[in-house]
Each structure stands twice: as C-alpha cells, then as structure tokens.
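# Structural overview for review
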There are 2 protein chains.
Amino acid sequence: MKIAVDVMGTDYGPKELVLGAVNAVKAFGCETVLVGDETIIKKLLQEYHADSDERISIRHAGEVIAMDEHPAIAVKSKKDASIVVAARMLRNKECDALVSSGSTGAAVAAALFCLGRIKGIERPAIATPIPSLTGTTVVLDSGAKVDAKPEHMVQSAIMGSVYAEKMLHITNPKVGLLNIGEEETKGNEQALATYPLLKQAKQINFIGNVEGRDINKGTVDVVVCDGFVGNVVLKFAEGLASAIMKLIKEAILNGGVLAKLGGLLIKPAMKKLKKRLDPAEYGGALLLGVRAPFIICHGSSKAKAITSAIGVAMDFVEKDVVHIIGQKIAEAHERNEEINQ
Amino acid sequence: MKIAVDVMGTDYGPKELVLGAVNAVKAFGCETVLVGDETIIKKLLQEYHADSDERISIRHAGEVIAMDEHPAIAVKSKKDASIVVAARMLRNKECDALVSSGSTGAAVAAALFCLGRIKGIERPAIATPIPSLTGTTVVLDSGAKVDAKPEHMVQSAIMGSVYAEKMLHITNPKVGLLNIGEEETKGNEQALATYPLLKQAKQINFIGNVEGRDINKGTVDVVVCDGFVGNVVLKFAEGLASAIMKLIKEAILNGGVLAKLGGLLIKPAMKKLKKRLDPAEYGGALLLGVRAPFIICHGSSKAKAITSAIGVAMDFVEKDVVHIIGQKIAEAHERNEEINQ
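My aim in this report is to walk through the structure given alongside it, one point at a time. Residue indices follow the written sequence of each chain, beginning from 1 at its first position. Labels are handed out in written order, letters beginning with A for the chains and numbers beginning with 1 for the ligands. Where local features are concerned, this predicted model is filtered to residues with pLDDT of at least 70; where side-chain atom pairs are given and counted, the filter is 80 or more; whole-chain, interface and lining totals use all residues. In computing side-chain properties, one takes all heavy atoms of the structure into account and sets aside hydrogens as well as water.

So, about the overall build of chain A. Secondary structure elements follow DSSP: runs of H or I no shorter than four residues count as helices, runs of E no shorter than two count as strands, and numbering proceeds from the N terminus. Regarding its fold elements, chain A presents twelve helices and eleven strands. Over its C-alpha atoms chain A spans a radius of gyration of 21 Å, differing by no more than 12% from the 20 Å that the globule rule assigns to 341 residues. Taken across its 341 residues, chain A has 57% of its residues classed as buried. Residue pairs in contact within chain A that sit at least 24 positions apart in sequence constitute 73% of those at least 6 positions apart. Here the radius of gyration uses the C-alpha set of atoms, whereas the globule reference equals 2.2 Å times the residue count to the power 0.38. A simple rule labels every residue: compare its accessible area, found with a 1.4 Å probe on the protein chains alone, to the largest value its type can have, and call it buried under 20%, exposed over 50%, or partly exposed in between. Residue contacts follow a heavy-atom distance rule, with two residues in contact if any of their heavy atoms lie within 4.5 Å.

Right, let's talk about the state of the cysteines for a bit. Residues and elements named next belong to chain A. Disulfide: a pair of cysteine sulfur atoms within 2.5 Å of each other. All told, the structure shown has zero disulfides over all chains when counted by the stated rule. No disulfide involves Cys114; its sulfur sits 11 Å from the nearest other cysteine sulfur, which is in Cys95. The buried category is assigned to Cys114, whose relative accessible area is 6%. Unpaired in this structure, Cys297 has its nearest cysteine sulfur neighbour in Cys30, at a distance of 14 Å. Here Cys297 falls in the buried class, since its relative accessible area comes to 4%.

Moving on to the sheet that holds strand S1 (residues 2–6) of chain A. Residue and element names in this part refer to chain A. With respect to topology, eleven strands assemble into an open sheet ordered S3-S2-S1-S4-S11-S10-S5-S6-S9-S7-S8, the strand pairing being mixed. Both outer strands of the open sheet, strand S3 (56–60) and strand S8 (205–210), are each paired with one neighbouring strand and no more. Each strand of the sheet is rotated relative to its neighbour by a mean of 25°, with strand direction disregarded. Across three bridges, strand S4 (residues 97–100) lies against strand S11 (residues 294–296) in parallel orientation. Each bridged residue has a counterpart across the sheet, and for Val99 the counterpart in S11 is Ile295. Sheet strands in contact with helix H6 (residues 150–166) are strand S5 (125–131), strand S6 (136–140), strand S7 (174–178), strand S9 (222–224) and strand S10 (285–288), and its direction is about 165° off that of S9. For two strands to count as paired, DSSP must find a minimum of two bridges between them. To get an axis, a line is fitted to the C-alpha atoms, and for a helix only the part in contact is used. The angle between two axes follows their N-to-C directions and goes from 0 to 180 degrees.

The subject of this paragraph is a positive patch on the surface. All names here are of chain A. Positive charge collects at one region of the surface, where Arg117, Arg123, Lys149 and Arg291 lie side by side. With respect to the helices, strands and loops of the structure, Arg291 is situated in the loop between S10 and S11. The exposure class assigned to Arg291 is exposed, which follows from its relative accessible area of 52%. Patch membership requires more than 30% relative accessible area and the absence of a salt bridge. Residues of like charge join within 9 Å; the nonpolar side chains Val, Leu, Ile, Met, Phe, Trp and Tyr join within 5 Å. In these tables, accessible area is a Shrake-Rupley quantity obtained with a 1.4 Å probe, and a residue counts as shielded only by the protein chains included in the view. The term salt bridge refers to a side-chain nitrogen of Lys or Arg lying within 4 Å of a carboxyl oxygen of Asp or Glu. His residues and chain termini do not enter the charge count, which takes Lys and Arg as positive and Asp and Glu as negative. A charged residue contributes its charge at one atom only: NZ of Lys, CZ of Arg, CG of Asp or CD of Glu.

Another aspect to go through is the interface of chain A and chain B. Listed per partner, the contact involves 53 residues of chain A and 53 residues of chain B. By definition, the buried area sums, over both parts, the 1.4 Å-probe accessible area that each loses when the two are put together. Buried surface at the junction of chain A and chain B, summed over both partners, amounts to about 4800 Å²; 77% is from carbon and sulfur atoms. The interface formed by chain A and chain B includes four salt bridges. B:Lys235 is the partner of A:Glu211 in a salt bridge, and the nearest nitrogen-oxygen pair spans 2.3 Å. What qualifies as a polar contact is a pair of N or O atoms within 3.5 Å, subject to a donor-acceptor requirement within protein and to the restriction that residues adjacent in sequence count only when both atoms come from side chains. Summed over the shared surface of chain A and chain B, the number is ten residue pairs in polar contact (both at pLDDT 80 or more). Contributing elements (two or more residues each) for the side of chain A that touches chain B: helix H7 (189–200), helix H8 (227–253) and helix H9 (256–277) of chain A.

Let's shift gears to the sheet that holds strand S1 (residues 2–6) of chain B. All names here are of chain B. Strand order in the open sheet formed by eleven strands is S3-S2-S1-S4-S11-S10-S5-S6-S9-S7-S8, with mixed pairing between adjacent strands. Edge positions in the sheet fall to strand S3 (56–60) and strand S8 (205–210), since each of these pairs with one other strand and no more. Put simply, the sheet's adjacent strands are angled 25° from each other on average, direction ignored. Sheet topology note: the strand S10 (residues 285–288)/strand S11 (residues 294–296) ladder contains two bridges and is antiparallel.

By nonpolar core is meant a set of buried Ala, Val, Leu, Ile, Met, Phe, Trp, Tyr and Cys residues that side-chain atoms within 4.5 Å join together. One finds A:Leu288, A:Ile310, B:Leu288 and B:Ile310 to be the most contacted residues of the largest nonpolar core, which totals 184 residues. In this structure A:Leu288 touches A:Pro124, A:Ala125, A:Ala127, A:Leu140, A:Met159, A:Gly160, A:Tyr163, A:Phe316, A:Val321 and A:Ile325, once residues within four positions along its chain are discounted.

The next thing to look at is unusual backbone geometry. Residue and element names in this part refer to chain A. Going from Leu140 to Asp141, the amide bond is cis rather than trans, its omega being 10°. Even without glycine at this site, Asn172 takes up a positive phi of about 45°. With respect to the secondary-structure elements, Asn172 resides in the loop between H6 and S7. In this structure, Asp320 is a non-glycine residue whose phi angle is positive, near 60°. Counting through the fold element by element, Asp320 comes out in the loop between helix H11 (303–318) and helix H12 (321–340).

Next up on the list: the relation of the copies chain A and chain B. Here the copies are superposed with least squares, the fitted atoms being C-alpha atoms of residues at a pLDDT of at least 70 in both. Rotating chain A by 180° and moving it 0.0 Å along the rotation axis overlays it on chain B with an RMSD of 0.0 Å. Taken together, the rotation and translation describe the operation of a two-fold axis. Across chain A, the rotation axis passes nearest the C-alpha of A:Gly262, at a separation of 1.8 Å. Here 100% of the contact residues of chain A are again contact residues in chain B; the copies associate through an equivalent surface.

Shape is all these values report; function is a separate question.
Shown next as structure tokens:
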C-alpha cells in the first residue's frame, strides 16, 4: 500500500512530515511518496538515513498553498502546488491514500477539484475523532462546509456512522445532533429542519439531540453539527485543554515545596493521561464524501501525528470506507425515492 | 437595595437558593425577597435561623415553570409562576434586580414579556463571564437568541463592552467575532455579514475575528457569537473541564502509591485552582438588553453561586449598566442615521 504525504505548507515545515512518514514506513511496512520540494525532501531523507529506502519515493511539486490563501482560487491557479499534485496522484491511482497537514480549506478544495464527490454526496465533511470519558467520539463536520443544509447534515450522520463502525469498531453507533437542548423543538432553523430527517434516516441509529456537555461524556458515538459550529468547538477544546493543563502546572509550581514534590510524583500518571488525550495519537481527521481516502492533519502536527495519520490512512483504505459510504448513500437515496413515490 | 430571587424550578430545589440569599443578606447587607412557594420558603428560613431577619421577605407564587415547558407559552399562561411574579415585581420597582436559576428560556421570555427591551435593542443577549489565562472573557450571546441577525450581533458587542468596562473594570475592552479563521473573508453567512458592521461600529474596540482557541487565551475581552454557538461552546466547556478533572483524578488513583501521595500533596494547590475556575464564583450570567438588571444562573447552582449572583446583581444595579447600555445604543442609532443621510 502506498500513502502520499503532502509535506508542504505546515506550521513546522517539511521536516516533521518527512520524519513522520519515514517512521511510518518502518513501523507499518507501507510505501510512501513524499510530495513537495524535491531538494528539501532529499536533504531531510539523508538526514534521517532513509534516502536509500526503496519504499520511500519523492514527487516534486514546485508550489505551495499558504494558510491565508483563498482555497478554491489557489487550487485552481496553482496547478503545481503540492496538495494539488498529491490529490492528482490519488485520482490517478498512483497512491492509495493521501495525508495532508497544510491549509484545510486548500485540502478540501483540492479533494473536490481533483477527486470529486462520491455519487449522491452533496458536500464532504471532516470527521474528527476526539477522546471521551468512555472512548472516542466522532465529531463531524468540523469545518468542510459552513451553512450546511439539513440534507448535508444527514449525509454527515451516515458517513460518521460508517467511520465509527468500520474504523472504531463500534457496533450500531449512536448518532446525536448537536443542539442547545434535548427536546425536538429546541434549536436554530438548521437543527429544527435536520432533526426530522435524521429521525427518518434508516441508515443510522439516531438517538436525538445532544448538548455541548455530551461531547466528552461519550453520550453518543457520532456528533453531527454544522462545519462552523464543529470548527469553533474543536478549536475551543484545544485551547481549553491546554489552558487547564497550564493552570494546573502553575498552581503546582506556586503551591510551595510540598505541592512541587506532589507534582513530581504524579508526573508519570499525568504523562500517560496526556498520551491518551494527545491529538497526535488520533492521527488526524478524515475527509469523508470524496472519492478516495483523504486525511487532514492539524497544521501544527509533529512527526508522531503524521505517523499515526498514515496508520489511519492505511486502515481507511483496508476497511474500504469510501466504497461503503457510497453504498449507504445510494441506499438512502433509494429509500427517499420510495418515500416520495 | 432589594434583590428578588426566584427560588423555584431549579435542579436542586429551593433550599440552595434560599440559603444563598440568606448568606448574601448577611455578607452584603442587602435586602432580598424570595419568590416561590411560601410554605416551603418559610420552613427553609426557619431551618437557616433567618425567619426573623427583617431584610428577608417572601412573595408567594403558586406556579412553577419546568425546564421542559415551552418558554413563551408557559410565561403567558402561568401568570402566577414564580419567574413571572418576580419579573413583574422588577417591572413595578418592588425590587432593584432579579436572580433566577430556573429555565433560561422562561427567564428570557418573562423578562421580555414583563420588562420589555431597552429602547433600540432588537434582541436581548445573555453575557457569560468565563475564566481565561489572563483574567475573564465575556461570551455573548450564550443562548438568548439563535439565528441572530448581524444587527443583533453588533448590539451584543456594544452591550458586552459596557459590561466588561463597568463591571469587570476593563478599559476599552477588546471585542472579537467568534469565527473559523482570522481573515475577514472567513466564516458562515452570519459572520461574513456581521464583520463589516462591527468594523464600523464606533462604540466598540473591535479587533477582528477570533477562533475557538482564543476564548480561553484571553486574546479579547468580549467574544461575540450567535446564541446557538455560544450555548454549545459554554456547555461543551463545562463538560470538557469536568472530564479533564475526572481523568486526572483517575490517572492519579491508578498511578500507584507514589502518584497517590503526589495527588495528596497537590490537593491544596488544586483546590485553589478549582476555586478560581468554579463557575459559582462568577455569579451567573447577565441578561443584557432588557429594562432592568436580570441575572440568570445555571440550573444546577448551589448556595454559593446564588450568593455570588446576588453580589453581581448589586453591582449591576450600582454601575447603572442598564442605563449606560441605553445611552450607547441610542448613540449607535444616531450614528447610523447620520451615515444613512
């Protein structure tokens, strides 16, 4: 299996991505093609003593799409941008999946432009796995589409369920609609219009509305929301988690000698917890609804996160998630036609 | 100064509210009128040895609005519901401010129905103070109005600025629009339409878009968002903070003898931190935009939170926030008329 990695346009530069890919090849025995500036990649491979590994190849791409560029315009005008080159390789089946950690907007645009949507899918969605008290919750959409229509939300629910079932091994995953109250009558226009559609969708196990506080409780396995709300919530989670950790550290450091000793003693336990909560362990988010396996990592991903993402990408391919989503969406369309007849 | 407290319709029943009010009278020397079932309140006052305190009075209200009732319908049909009786007292100037911790929807509906909006305000907003790394950030709207129009968001920004300046003593408070990117071109339709209006509003110090991760960083003092987004984010914060604390406890308990000892040693420091982050210390959220000081507490508020809320209500009255909001909104309207001429 060959995974393409777009190594450009990220916060820490190509070195973390190249290292992450090198480690993935060693750990999983896959092949990888590194897409980006050939000179830089070659130098990094030498540095990591991986320049003679035949499982690793390079595809040169002379341009980069920066975080602040307009995604659709940049993707259309920069034919040689690393993300566009990589997405084109995926379309041409020169690789089985793609891992990117550059601009999310550009990744989504490149996926739409080069790969296209699965038949019947109106909008792709980004599905992000986050740790909960009971395991993992999938939140989608976390930013592919703002102002989503109710139909898009239903498709998100179906895609998120396939992901939870196939890749997280959750049987009959529970789906909740993110809302401001549990009652069916609560919510904004979008939520009010989405609720009845989710209720009648036979492809999912919809259990009703969930509130913000349910996300980490693990009340449901799949949380469906608009891309705007999902993006705000997930970025907020990042900020809040790191703020709490910072405040705990400060409190211990300012708490006198005994507190400092206590801080040292709990360090191993905290390290273990940190590992469990570390987004790097989760290996990025899945762009669902496009015609090939596409993983979007955080712009500040380090090597470990990239290695995990490559593992997730392999699983994404092996479990044939793209194909199963296509089947489920086709089923949903057939059912809708039956209802409308 | 007399503060009315609606003691009915909350998660823990009237006892926490009555105790909180009794403690506030002792601590702040204010008067309070407890609105709800007279028999229950009398019994609780006896229990707390406060039945002969002349600063504490009772106003009987025979009905309660439950959390799951339709707010507007319930407020209109239950004339004798505690929140309606209390709001009417506030309108008739029988008290200076009102503290409630029943159904938020019913509180907003009662405020609109009995008090009405400040002249020029189209929609009230709930402003919630939350702890940040640098102090306190005000998030509004946290649930009074979903599907807010851009004009409502601008009014929220003005009201939030007055709150931050007068009650949190922040000079020229920085205002940010909650969005999915920093650039002016990012966002959903609502955010895109709101940005230019905030930019030209002279009554506020608008610094641009902020993302979810900025809320706890303290990047800005006032975060403006739609009531749907604000509600989801704040409930998520609750859930996430308590999940992290629970996981830390578990990690320490499962970490062996040394980790447990460490846990004991850091306890005082953690307690201090918990106090700083405790929503009970913040005394509830302000319902801004209605014609009198109205505080909405969490349905699960305990006595301490109610005491804090009464303190905040007194400050709300003393700082004349309602009047100042009226002036600022009038100024904004005058300016808009000038621009349109």
